[in-house]
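Residues per chain, in single letters:
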Amino acid sequence: CDDTPSEKATYDIRVTADDPFTVISNGTLVSKKRRNSATEWHYKVKSPMATYLATMQIGEFTQFKLGRNTTAWAPGHLRARVLEEFKQQQEMLDFYESLFGEYPFPDYQVVITEDELEIPLEAQGLSIFGSNHIAGNHRFERLIAHELAHQWFGNSVGISEWKDIWLNEGFACYCEWLWVEHKGTDSAHSVARSHYLVLSRKAQNLHLADPGAHDMFDDRVYKRGAITIHALRRLLGDEAFFDAVRNYLHAGRNSTVMPKDFFGHIDDAALKAGVSLDEVAELFDVWLNHKQLPKFPA
Ligand SMILES: [Zn+2]
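Residues numbered from 1 in each chain as written. Predicted model: local features only at pLDDT ≥ 70, side-chain atom pairs only at ≥ 80, totals over all residues. Heavy atoms only, no water.

Draft legend 1. Layout of the state of the cysteines. Under the counting rule described, the total for this entry stands at zero disulfides. Cysteine Cys 173 remains unbridged, with the sulfur of Cys 175 as its closest cysteine sulfur at 9.2 Å. You can call Cys 175 buried: its relative accessible area is 0%. (Disulfide = S-S within 2.5 Å. Buried < 20%, exposed > 50% of the residue type's maximum accessible area, 1.4 Å probe, protein only.)

Structural data, given as structure tokens:
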């Protein structure tokens, strides 16, 4: 792992584990060979993958089907909680497909570890949650939405440089709000406003376009990134905004992008929608390049 997000490769992964352990990795399971009291698990990842998205989970897991395209692996005793927490996983995937285009990988798996984890984590084609994230009360549903959204934003369409992390995390966070809006619980605008109020009380010293290694995963990158995206949606209108995002994702599929690629698709959509490019450039400038929090999008 060279920790360079722009470097993508295909993978061939073989692991032998003693019974009763299951090996889950990225990609498609192509064979499972029994040898005495052990099994060799062979996975192939055909879609180019950044090294930081490679994972291997070895444990005593039971498989639960969540939908056509989605599977969960979890300790058997967590069955009821897993099925409750992930019961809308397929609907969520269908919803994101309707907004962003086809799901980019052959399937989607979630692994729930026996251990408690500080935060869930996205890998390519799968996400990892701790047993503490599935209490059975949907308290962490936003994280289920967040990790799934990374399959489009970050995993298929990867960033070239870590400083552009807002493109991954801003979108994944905004997808949480889109899911809330889809369910009818609240509008993305109202969720954005409440996070804006929290941000306005925090230190105004974050440079979103280049937060630096220390602040790369600061919560302000996520929330300010998401509000930047929301501001674009308000400026362009839904039709032009979602067209631009779909075009951006389609062009960058299985590849890596720079912010200028995103800006280009936004500009094209703005022109079609009759929005001035100066206004778009001003929006990006105040949200990305200035530390002071701009005004909340009208
Ligand atoms: Zn994330």
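Draft legend 2. Molecular detail of the pairing of strand E6 (residues 62-65). Pairing between E6 and strand E7 (residues 70-74): four bridges, direction antiparallel. Residue Lys 65 lies in a different strand from E7, and its bridge partner there is Thr 71. Hairpin remark: E6 followed by E7, antiparallel, with four residues in the connecting loop. (Pairing = 2+ DSSP bridges. Helix = DSSP H or I, 4+ residues; strand = E, 2+ residues; numbered from the N terminus.)

Draft legend 3. Inspection of the sheet that holds E7 at higher detail. Taken together, the five strands give an open sheet; going across it, the order is E6-E7-E8-E10-E9, and neighbouring strands pair in mixed fashion. One side of each edge strand has no neighbouring strand; the edge strands of this open sheet are E6 and strand E9 (121-123). The sheet shows a mean angle of 20 degrees between the axes of neighbouring strands, taken without regard to direction. Where strand E8 (residues 108-113) and strand E10 (residues 126-130) come together, five bridges link them in parallel fashion. (Axes fitted to C-alpha atoms, helices over the stretch in contact; angles between N-to-C directions.)

Draft legend 4. Local environment of the packing of aromatic side chains. All told, the structure shown has 21 aromatic pairs when counted by the stated rule. A ring pair is formed by Phe 241 and Phe 242, whose centres lie 4.9 Å apart and whose planes are at 75 degrees; its orientation type is edge-to-face. For the pair shown, Phe 241 and Phe 242 are each scored as buried. (Phe/Tyr/Trp six-rings, centres within 6.5 Å; stacked < 30°, edge-to-face > 60°.)

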